[in-house]
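Each chain, written out:
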Amino acid sequence: MSTQPPQMPVAVPAPRRAGVRYGLLALVVGGAAALLAGLAVVVPFLLRATGSSGFLVGFLLSLFPLAIVLLAVHVVDRWEPEPRRLLAFALTWGAVMSVAATTLIQPLFLAAFGPRAATQAQALEFLATVEAPVVEETSKGLGLLILMLAARKHVDGPVDGIVYGMTIAAGFAFTENILYFGRMFSETSGSAASLAVIFTMRGLLSPFAHAMFTGTLGLIMGLAARRWSPGLVVGAFVMGLIPAMLLHNIWNSAGADFFFLYVLVQIPLFGAAILVVYVLRRSEARLTRARLTEYARAGWFTPLEVDMLATPRGRAAGLRWAASTGRRNEMRTFIRTATDLAAVRQRVLSGRDVRGYAAAQRELLERIGRERSAVLGIPHGTPQL
């Protein structure tokens with residue numbers, strides 16, 4: 001089968017209805033059933049630990065760090081936004097399923113690997129530095145693995161893996177913060193000073209801790225997803241858990257040296273993470289431009305359109321122009337479809353999703369024609385000079 005872009009036809013054929021995406025359907029149905037079971041574990045656990053008042057206070061305070069991380073996810077995900085339903089699955093997995101799994105597995109892990117005849121201090125240290133990194137990162141990572149296997153056509157590379165990993169981590173940290181904030185409120189009879197201390201530590205100084213751990217796993221799995229095979233992604237999951245657990249261990253081992261390690265280790269790591277995301281985003285933009293240029297040679301885009309669709313500056317200028325004509329949403333859709341078209345072609349050039357490529361390409365090209373007409377404000381099919 002040829003993977004060359006087709007020549008621009010005189011008339012674009014009528015669109016065909018896309019087939020049912022059975023993998024996504026199974027993900028939604030299975031996720032809904034698992035959600036109910038997970039809530040039956042997590043909600044009673046939180047209420048026992050915090051009480052109803054503590055739960056409410058913890059919930060409200062936890063919204064702030066959650067918003068910070070999700071805003072960062074939005075920024076990382078702006079070039080090729082992931083489907084909202086998959087982001088919702090990732091957030092739900094982190095907030096409910098990974099917490100439920102951690103709650104159920106923790107006593108088993110302690111019984112099997114915990115120190116014998118340990119003092120309370122030794123037991124707490126084991127929980128923080130061994131059990132938490134191993135069990136929590138595995139529980140979060142399983143959601144990422146399920147998502148990548150069930151919805152692999154929406155995972156094109158490391159940026160996508162980072163986005164989904166950070167989203168899962170945001171959900172997990174949200175529920176964990178409810179526990180910490182709510183329990184502190186309950187144990188100190190609502191002490192504002194105590195709440196301020198723990199909120200500063202977890203909500204202001206370290207909202208991205210879990211996002212860095214699981215985002216590292218997502219990065220490694222996303223790199224494997226570029227050359228797709230289920231075995232390769234599973235292998236990347238196993239290998240990616242090692243740095244995720246190590247980072248988690250370093251963070252939880254800080255103890256009295258928290259601020260020392262925060263300045264000398266965590267801040268540089270956070271800076272390095274920002275740099276990695278920036279470089280990956282630039283690489284993603286270059287791939288988009290390269291693929292759309294191939295379609296431009298076949299007549300589907302003009303060189304000016306490629307500049308507008310495949311560069312940050314061009315997109316900003318195009319959106320400003322569209323806003324001045326009242327068609328900003330139409331331009332957003334046009335940009336998104338062109339980016340999807342480039343991603344589909346990149347996947348097949350990488351040896352992925354060759355089967356069904358022609359139909360997917362045809363559907364996207366048909367949409368490109370309709371959406372270009374909507375951006376220009378002319379009926380679809382009208383000859384353009």
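What counts and how
Residues numbered from 1 in each chain as written. Predicted model: local features only at pLDDT ≥ 70, side-chain atom pairs only at ≥ 80, totals over all residues. Heavy atoms only, no water. Helix = DSSP H or I, 4+ residues; strand = E, 2+ residues; numbered from the N terminus. Rg over C-alpha atoms; globule rule 2.2 N^0.38 Å. Buried < 20%, exposed > 50% of the residue type's maximum accessible area, 1.4 Å probe, protein only. Contact = heavy atoms within 4.5 Å. Areas by Shrake-Rupley, 256 points an atom, 1.4 Å probe, with all protein chains shown as cover. Salt bridge = Lys/Arg side-chain N within 4 Å of Asp/Glu carboxyl O. 1 Å grid on protein atoms, 1.4 Å probe; cavity = no way out; pocket = protein on both sides within 12 Å on 5 of 7 lines; lining within 4 Å. Points joined across faces, edges and corners; volume = space filled by probe spheres on them. Expected span 1.5 Å × (residues − 1). Phe/Tyr/Trp six-rings, centres within 6.5 Å; stacked < 30°, edge-to-face > 60°. Lys NZ or Arg CZ within 6 Å of the ring centre and 35° of its normal.

Under an unreviewed UniProt entry, the name given to the protein chain is Protease PrsW, and the organism recorded is Sinomonas cyclohexanicum.

Things to note about the overall build of the protein chain
Across its full length, the protein chain carries 12 helices and zero strands. Compactness check: the protein chain gives a C-alpha radius of gyration of 24 Å against a globular reference of 21 Å for 385 residues, within 12% of the reference. Seen along its three principal axes, the alpha-carbon backbone of the protein chain occupies a region of about 80 × 45 × 40 Å. Here the protein chain holds 385 residues, and 44% of them are scored as buried. Taking all contacts inside the protein chain whose residues are at least 6 apart in sequence as the whole, residues at least 24 apart take part in 78%. Carbon and sulfur atoms form 67% of the exposed surface of the protein chain, whose accessible area is close to 19300 Å².

Points about unusual backbone geometry
If you check the backbone angles, Ser189 has positive phi at about 55 degrees while not being a glycine. Turning to its location among the elements, Ser189 is positioned in the loop between helix H4 (158-187) and helix H5 (192-204). Assessed through its relative accessible area of 71%, Ser189 is described here as exposed.

Some details on the pattern of salt bridges
In this structure the tally under the stated criterion is nine salt bridges. A salt bridge links Arg345 to Glu294; its shortest N-O distance comes to 2.4 Å. Within this pair, whereas Arg345 is found in helix H11 (residues 328-349), its partner Glu294 is found in helix H8 (residues 258-297), the two being separated by 51 residues in sequence. Neither residue differs from the other here; Arg345 and Glu294 are each classed as buried. When the shortest N-O distance is used, the salt bridge between Asp340 and Arg336 registers 3.5 Å. Here Asp340 and its partner Arg336 are both found in helix H11, four residues apart, which amounts to about one turn of the helix. Three or more residues are tied together by salt bridges with common partners; here these are Arg291, Glu294 and Arg345.

Comments concerning empty space enclosed by the protein
In the structure shown here, the tally under the stated rule is one cavity of 30 Å³ or more. Reported here for the largest cavity is a volume of approximately 30 Å³. In this structure, the largest cavity is lined by Ile250, Trp251, Ala254, Phe258, Leu261, Tyr262 and Gln266. Residue assignment for the lining of the largest cavity shows that the elements contributing at least two residues are helix H7 (230-252) and H8.

Thoughts on H7
With 23 residues, H7 extends 32 Å between its outermost C-alpha atoms, agreeing within 8% with the 33 Å of an ideal straight helix rising 1.5 Å per residue. Those residues of H7 lying buried are Val233, Ala236, Phe237, Gly240, Leu241, Ala244, Met245, Leu247, His248 and Trp251. Residues of H7 that are buried in the fold lie against helix H3 (120-150), helix H6 (209-225) and H8.

Examining the packing of aromatic side chains
Counted under the stated rule, the structure contains nine aromatic pairs. An aromatic cluster of three or more residues is present, and its members are Phe55, Phe59 and Phe174. One residue, Arg183, lies across the ring of Tyr180, its end atom 5.6 Å from the ring centre.

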